[in-house]
Structures are given as structure tokens and as C-alpha cells.
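Structural characterization, general
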Amino acid sequence: MKRRVPALLAASALALGAVQATAPAASAKAAGEDSLAGLLTSDGNQFDKNKRDFDIVTEAALAVVAAKPESPVALLADGTKRLTVFAPTDEAFRLLAEDLTGQSIKSEKKIFEALVDLAGVDTIETVLLYHVVPGKTLTSNKVLKADGARLTTAQGGKVKVDIKKKPSLSITLKDRDKNDQDPQVVLKAIDLNKGNKQVAHGIDRVLRPIDL
């Protein structure tokens, strides 16, 4: 396990580079086509102690692209394609790992390793695609107008939007797992990559495409 994961991360970085190399050069890109992959990897793409950022979901996407270069996950590196991602924070993945293992894991790297070991790349791909709404640039203003809407994800399943304005604003995403707490949009982490065709909103739990 300890040998396999670093090798996987190294391969993933090379794979993402190959995907990005097929896109137009930055100087030739039209405005509004900065990719989410570019944003997510702009901070050096390293595990850290900030539980509110997105290191684990970034590494998960890279691992999928490394193992399966033709995966739809690679669209995150193509800023010409419209999509919206509901991106789980690192804390969201810690909560998932705790549910799956029964253990509280603090290290982001160990959380990632545990999920790769438990789930495998195919399952991680399925989960990631359940967080992507393809073909739509859903800024926060559009999401707030989507109360009751069922968004079709790249995985094929649907996520229901539930807006509450009292006693305070909340945006809840209802997934396929009826027994666990539904994710909420982190209001301090909305409209990431705004102004581009690809946008993201942070969420505090991982969406589940099946009832665990």
C-alpha cells in the first residue's frame, strides 16, 4: 500500500499533464476557459493540514485520470467544456473515511490512501462523477433558483437541491443514501473559478451515489 499510492500520484500528475497538453495554449485560450483542474492544482497540489480546502478530491481526480485516461473525469482539465462540480472539502472525505473504517483519521494522505485501498479507482471514479453536473455552468445565483430541482450528474444519477432561507440560508444536496446526513454547500466556498465555463462549490460531505 505504501509503495503503490506514491507511484499512483506520480503517474497521475503525468496523466493530467498529458490531458492539459491537448488543450490550447494559455495565450490562445478564449476568456472564460480556465479549467477547474488548473485551479485545483494551482496551490502546489500537496496534502496539508487545511481541512477546508480540496487536496483529497484533487488527488482522487488525478488518480482516476492516471489509471483511466479516457475517464470523463478528465473533462475537468478541458476548460472549453461547461460543467459544475460540487467539491467535497478534505473534512468531508475525513467523515467518509470514518464512516467506512470506523476510525478517525487525521492525516489527509492517510485518508486518501485508506479510500484508495477500500474503494479502488473504479468506485472513486463513480463517486467523483456523481459530483459533476455536465454541460451546465451553475453559479450560486442559479443554484439558489433551483430549489427542488433534480440535477443529472455525469455518473447518471440525480441529486436534489433543497434550499432553506430561514432561520439562515442553507443549500442541501440530497443524494441516494437515505440514512446519512446530506451534504450542504459551504457558503464561504462558492463560485470557485467564477467567470469561466467550469465552476465549483464546496460541500461539507461526500455525495453518495448508492445507499451505504
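Residues numbered from 1 in each chain as written. Predicted model: local features only at pLDDT ≥ 70, side-chain atom pairs only at ≥ 80, totals over all residues. Heavy atoms only, no water.

Looking now at the nonpolar core. One recurring pattern in soluble globular proteins is that nonpolar side chains are buried together. Core analysis: the largest hydrophobic core is formed by 33 residues, its most contacted members being Val 73, Val 85, Phe 93, Ile 111 and Leu 128. At the level of secondary structure, the elements contributing two or more residues to this core comprise helix H3 (55-67), strand S1 (83-88), helix H4 (90-101) and helix H5 (108-129). If we skip the residues at most four places from it in the chain, Leu 128 touches Val 57, Ala 60, Ala 61, Val 64 and Val 73. Counting residues in each nonpolar core, the second largest holds 14 residues, with Phe 86, Val 133, Val 143 and Val 185 among its members. (Core = buried A, V, L, I, M, F, W, Y, C linked by side-chain atoms within 4.5 Å. Buried < 20%, exposed > 50% of the residue type's maximum accessible area, 1.4 Å probe, protein only. Helix = DSSP H or I, 4+ residues; strand = E, 2+ residues; numbered from the N terminus. Contact = heavy atoms within 4.5 Å.)

Moving on to H4. Under the 1.5 Å per step criterion, the end-to-end length of H4 is 16 Å for twelve residues, consistent within 8% with the ideal 16 Å. Inspection of H4 places Asp 90, Ala 92, Phe 93, Arg 94, Leu 95, Leu 96 and Ala 97 among the buried residues, and these make up the whole buried set. Tucked inside the fold, the buried residues of H4 contact H3, S1, H5 and strand S6 (198-203). Looking one or two residues beyond H4, the residue adopting positive phi is Gly 102, at roughly 75°. (Expected span 1.5 Å × (residues − 1).)

What follows covers H5. Its 22 residues place the ends of H5 only 21 Å apart at the C-alpha level, less than the 32 Å of an ideal helix rising 1.5 Å per residue. The sharpest bend along H5 reaches about 100° and sits at Gly 120. Considered for burial, the residues of H5 that qualify are Glu 108, Ile 111, Phe 112, Glu 113, Ala 114, Leu 115, Val 116, Ile 124, Glu 125, Val 127, Leu 128 and Leu 129. (Bend = angle between axes of the 7 residues up to and from the residue.)

Overall, mixed pairing links the three strands, which are arranged S2-S1-S6 in an open sheet. The strands lining the two open edges of the sheet, one partner per strand, are strand S2 (132-134) and S6. Shown here is a sheet whose adjacent strand axes are inclined to one another by a mean of 15°, direction ignored. Relative to S6, S1 runs parallel, the two being bridged by six bridges. What sits directly across from Pro 88, in S6, is Ile 203. (Pairing = 2+ DSSP bridges. Axes fitted to C-alpha atoms, helices over the stretch in contact; angles between N-to-C directions.)

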